[in-house]
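Observations on chain architecture
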Amino acid sequence: MTAPLTLDNVTVAYGRHPAVHHLSGVFASGSLTGIVGPNGAGKSTLLKAMMGYLPLSTGRIARTGIRAADVAYLPQAAEIDRSFPITVADMVALGAWSRFGLFGALRRSDAQRAVEALASVGLEGFERRAIGELSAGQFQRVLFARLLLQDARVVLLDEPFTAIDARTTADLLGIVQRWHGEGRTVVAVVHDLNQVRENFPQTLLLAREMIAWGATADALSAENLLKARAMAEAWNEDAELCTVGDDRRVA
Ligand SMILES: Nc1ncnc2c1ncn2[C@@H]1O[C@H](COP(=O)(O)OP(=O)(O)OP(=O)(O)O)[C@@H](O)[C@H]1O
């Protein structure tokens with residue numbers, strides 16, 4: 001099976017402090033993976049590095065058979081500025097930017113798809129509302145509608161169900177399952193272990209270093225979870241980047 005994203009000895013550091021340490025592995029084509037780990041484990045950092053937003057200190061992230069535009073990313077809600085004066089419809093239509101270009105006009109078919117995407121996340125009739133007026137759950141639905149329009153082969157989600165009620169979570173998990181059924185590769189940072197066990201066949205358990213990566217039941221064994229917790233408790237925030245390897249490539 002091909003792997004659209006391959007990590008080879010990936011280290012990502014802020015200054016000289018490593019947040020992700022010598023991580024290697026593959027996200028197989030069509031896989032649905034939960035990334036799990038304690039606070040500060042490097043989960044968000046890893047997604048940003050996979051998007052090419054952060055430089056690597058060591059190693060390489062290879063994309064195979066996909067272009068940069070084939071990877072969609074949902075940042076943590078806290079990282080999105082909602083004071084920007086934009087309507088729900090325009091926010092969703094932005095998902096099609098890779099087709100119409102930064103300065104191009106939105107095609108009628110994309111505008112129609114934006115309306116359909118909003119309907120499929122349960123927000124029919126919200127098109128003219130300003131994004132700043134929405135509840136956290138409604139806004140997360142809008143962001144999923146934007147991802148639907150983006151139609152990417154690989155979808156990276158950072159804590160998509162945090163601070164979201166049970167019904168919205170169930171609806172958005174339904175969309176994640178739909179993407180999985182369509183053969184897309186989906187990776188999501190998730191804190192709720194039960195959500196991961198019930199919905200994600202693959203898990204990467206991260207504590208700066210990889211603790212486990214594989215079938216969820218194996219990765220989330222009691223022994224691995226204890227190991228992740230012990231590593232988090234032993235973290236020294238002042239530890240410097242180790243000197244293993246100095247190969248710095250992003251493909
Ligand atoms: N912009 C930044 N500048 C400096 N250090 C950062 C920055 N962003 C994150 N870090 C540090 O990198 C480490 C990993 O952070 P990251 O946000 O990737 O963890 P996480 O696993 O996503 O945590 P959480 O579960 O709390 O969201 C932490 O020690 C954090 O303080």
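Cut-offs and rules
- Residues numbered from 1 in each chain as written.
- Predicted model: local features only at pLDDT ≥ 70, side-chain atom pairs only at ≥ 80, totals over all residues.
- Helix = DSSP H or I, 4+ residues; strand = E, 2+ residues; numbered from the N terminus.
- Buried ≥ 20, exposed ≤ 12 C-beta atoms within 10 Å, placed from the backbone.
- Pairing = 2+ DSSP bridges.
- Right-handed = clockwise from strand over helix to strand, strands pointing away.
- Expected span 1.5 Å × (residues − 1).
- Arc of directions from axis to C-beta.
- Contact = placed C-beta atoms within 7 Å.
- Axes fitted to C-alpha atoms, helices over the stretch in contact; angles between N-to-C directions.
- Near = placed C-beta within 6 Å.
- Nonpolar A, V, L, I, M, F, W, Y, C, P; charged D, E, K, R; others polar.
- Core = buried A, V, L, I, M, F, W, Y, C linked by C-beta atoms within 7 Å.
- Parallel < 35°, antiparallel > 145°, perpendicular 65-115°, else oblique.

A few points about the overall build of the chain
Looking only at helices and strands, one finds nine helices and ten strands in the chain. For the chain, the spread of C-alpha atoms along the three principal axes comes to 50 × 40 × 35 Å. Classification of the 251 residues of the chain by burial places 40% in the buried group.

Some points on the pairing of strand S7 (residues 185-189)
Burial of S7 is extensive: five of the five residues sit out of reach of the surface. Across the two faces of S7 the burial is the same, with Thr185, Val187 and Val189 and Val186 and Ala188 all buried. Where strand S6 (residues 154-158) and S7 come together, five bridges link them in parallel fashion. Bridging from a neighbouring strand, Leu157 pairs with Ala188 of S7. In this fold, S6 hands off to helix H6 (residues 166-181), which returns the chain to S7; that crossover is right-handed.

Quick look at H6
In this model H6 runs 22 Å from its N-terminal to its C-terminal C-alpha over 16 residues, within 8% of the 22 Å that 1.5 Å per residue would give. Regarding H6, the residues found buried are Thr168, Leu172, Ile175, Val176 and Trp179. For H6, the arc enclosing every buried residue in end-on projection is 100°, short of the 170-degree limit, so these residues lie on one face. H6 presents Ala166, Arg167, Ala170, Gly174, Arg178 and Gly181 as exposed residues on the side facing more than 90 degrees away from its buried surface. The inward-facing, buried residues of H6 abut helix H5 (136-150), S6, S7 and helix H7 (193-199). The first or second residue beyond H6 is Gly183, which carries a positive phi of 85°.

Points about the sheet that holds strand S5 (residues 71-74)
In space, the six strands of this open sheet follow the order S5-S6-S7-S3-S8-S9, with mixed pairing throughout. Of all strands in the sheet, those bounded by a partner on one side alone are S5 and strand S9 (209-215). Pairwise comparison of adjacent strand axes, ignoring direction, gives a mean angle of 15° for this sheet. Taken together, the four bridges between S5 and S6 define a ladder with parallel strand orientation. Bridge pairing in S6 links Tyr73 to Leu156. The strands touched by helix H1 (residues 43-50) within the sheet are strand S3 (32-36), S5, S6, S7 and strand S8 (202-207), with S6 carrying the most contacts at an inclination of about 150°. Sitting on the sheet, helix H9 (residues 222-233) is in contact with S8 and S9, with an inclination near 25° to S8.

Observations regarding the site of the ligand
In the vicinity of the ligand, the residues found are Tyr14, Ala19, Gly37, Asn39, Gly40, Ala41, Gly42, Lys43, Ser44 and Thr45. No other element matches H1, which puts three residues into the shell around the ligand. Its residues assigned to classes, the shell around the ligand comprises three nonpolar, six polar and one charged.

Remarks on the environment of Ala228
Along the polypeptide, Ala228 turns up in helix H9. With 147 residues separating them along the chain, Ala228 and Asp81 place their C-alpha atoms 32 Å apart. The contacts of Ala228, once residues within four sequence positions are left out, are Gly37, Pro38, Leu205, Ala207 and Ile211.

Focus: the nonpolar core
With 71 residues, the main nonpolar core has Val92 and Ala145 as its most contacted residues. Broken down by element, the residue count for this core peaks at eight residues, all from H5. Not counting residues up to four positions away in its chain, the partners in contact with Ala145 are Val92, Ala117, Leu118, Val121 and Leu123.

Describing the packing of H5 against H6
For the pair H5 and H6, interaxial distance at closest approach is 10 Å and the crossing angle is 10°. With respect to H6, the element H5 is oriented roughly parallel. Contact residues: Gly137, Gln140, Arg141 and Phe144 in H5; Thr168, Leu172 and Ile175 in H6. For the contact of H5 with H6, the per-class residue count stands at three nonpolar, three polar and one charged.

Remarks on H1
In terms of burial, H1 is a largely internal element, six of the eight residues being buried. Every buried residue of H1 is listed here: Lys43, Thr45, Leu46, Leu47, Ala49 and Met50. At the C-terminal side of H1, Gly52 shows a positive phi close to 85°.

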